[in-house]
Amino acid sequence: MSNPTQPGSDQQQPDPWQAPPAGIPGQQPPPPQGQAPYAQPSYGQPPYGQPPYGQPPYGQPPYGQPPYGQAPYGQAPYGQPAYGAPALPAGSYANWGQRVASCLIDYVPGFLLGVIFAAAHVAALAIIFYIAGIAWALYNAYQGGATGQSVGKKMVGTRLIGEADGQPIGGGLGIGRYFLHILDGLPCYLGYLWPIWDAKRQTFADKILHCVVVKQ
């Protein structure tokens, strides 16, 4: 029987009392016990270049969110009516005559009386009716936005609503719409005439605020 430590034996057995070799020159020694290998992430951490566990890859939206540039799940794409608010038939929009009639009721009476008294050289009454005309116009603009119907719209049977949800646009936007009508009058009153041929019977102010006037 051959001695494993003598020359010529097939395999040498390591001496259990001898210290392990220091390692090959140029290589790193093994890490301490319980630690990850060198140039490797710690236990419980993702590999280098990968996002933390439970988070989406870099450049992707959080889990449960739609891709960037798309509408949230369950909502219509941007620029389109919300789901549950179908497009209105063409005959649902108020015609130009109805819009003119409601506008005359909502905005003209006070200013017309002020012009009459100014022409009669009754300055005090002219100023009073001008102020009253401004208050009347702002009141109707607010009511039209808050409830959908000003005094004039109630009388002619029309309603102001938002295109997206079919609901009143709010009192603040109603007053903003009143001042935006300035844009309708700038290019030779073209904006006021636009509902005659527009598919949704909108003025320029309506298009900016994404609202329409419909028959009640």
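Structure: see above.
> I'd like a rundown of unusual backbone geometry, residues and numbers included.
A positive phi angle, near 60°, is found at H121, a position not held by glycine. Position of H121 relative to the elements: it lies in the loop between α2 (109-119) and α3 (123-146). With a phi close to 60°, Y189 is a non-glycine residue in the positive phi region. As for its position among the elements, Y189 is in the loop between α5 (171-185) and α6 (190-193).

> Give me the environment of I196: which residues, what numbers.
By the element assignment, I196 lies in the loop between α6 and α7 (204-209). When its relative accessible area of 43% is taken as the criterion, I196 is described as partly exposed. In sequence terms I196 and W96 are 100 residues apart; their C-alpha atoms lie 5.7 Å from each other. Contact partners of I196, with chain neighbours within four places excluded, come to W96 and R201.

> Help me get a handle on the packing of aromatic side chains, residues and values and all.
According to the stated counting rule, one finds seven aromatic pairs in the structure shown. The interplanar angle of 45° and the centroid separation of 5.2 Å between the aromatic rings of Y107 and Y178 together place this pair among those described as tilted. Here Y107 is found in helix α1 (residues 96-107), whereas its partner Y178 is found in helix α5, with 71 residues between them in sequence. Feature note: the residues Y107, Y178 and F179 constitute an aromatic cluster, connected by ring pairs.

> Could you give me a rundown of the pattern of salt bridges, with the residues and numbers involved?
Using the criterion set out here, one finds four salt bridges in the structure. Between E163 and K200 there is a salt bridge whose closest N-O contact spans 2.6 Å. Of this pair, E163 sits in the loop between β1 (158-162) and α5 while K200 sits in the loop between α6 and α7, and the two are 37 residues apart along the sequence. Salt bridges sharing common partners tie together R99, R177 and D206.

> Go over the side chain of R99, please, and point to the residues and values.
For R99, the position within the fold is in helix α1. Residues contacting R99, with those up to four places away along its chain left out, are A94, R177, P195, R201, Q202, T203, D206 and V213.

What counts, and at which threshold
Residues numbered from 1 in each chain as written. Predicted model: local features only at pLDDT ≥ 70, side-chain atom pairs only at ≥ 80, totals over all residues. Heavy atoms only, no water. Helix = DSSP H or I, 4+ residues; strand = E, 2+ residues; numbered from the N terminus. Buried < 20%, exposed > 50% of the residue type's maximum accessible area, 1.4 Å probe, protein only. Contact = heavy atoms within 4.5 Å. Phe/Tyr/Trp six-rings, centres within 6.5 Å; stacked < 30°, edge-to-face > 60°. Salt bridge = Lys/Arg side-chain N within 4 Å of Asp/Glu carboxyl O.

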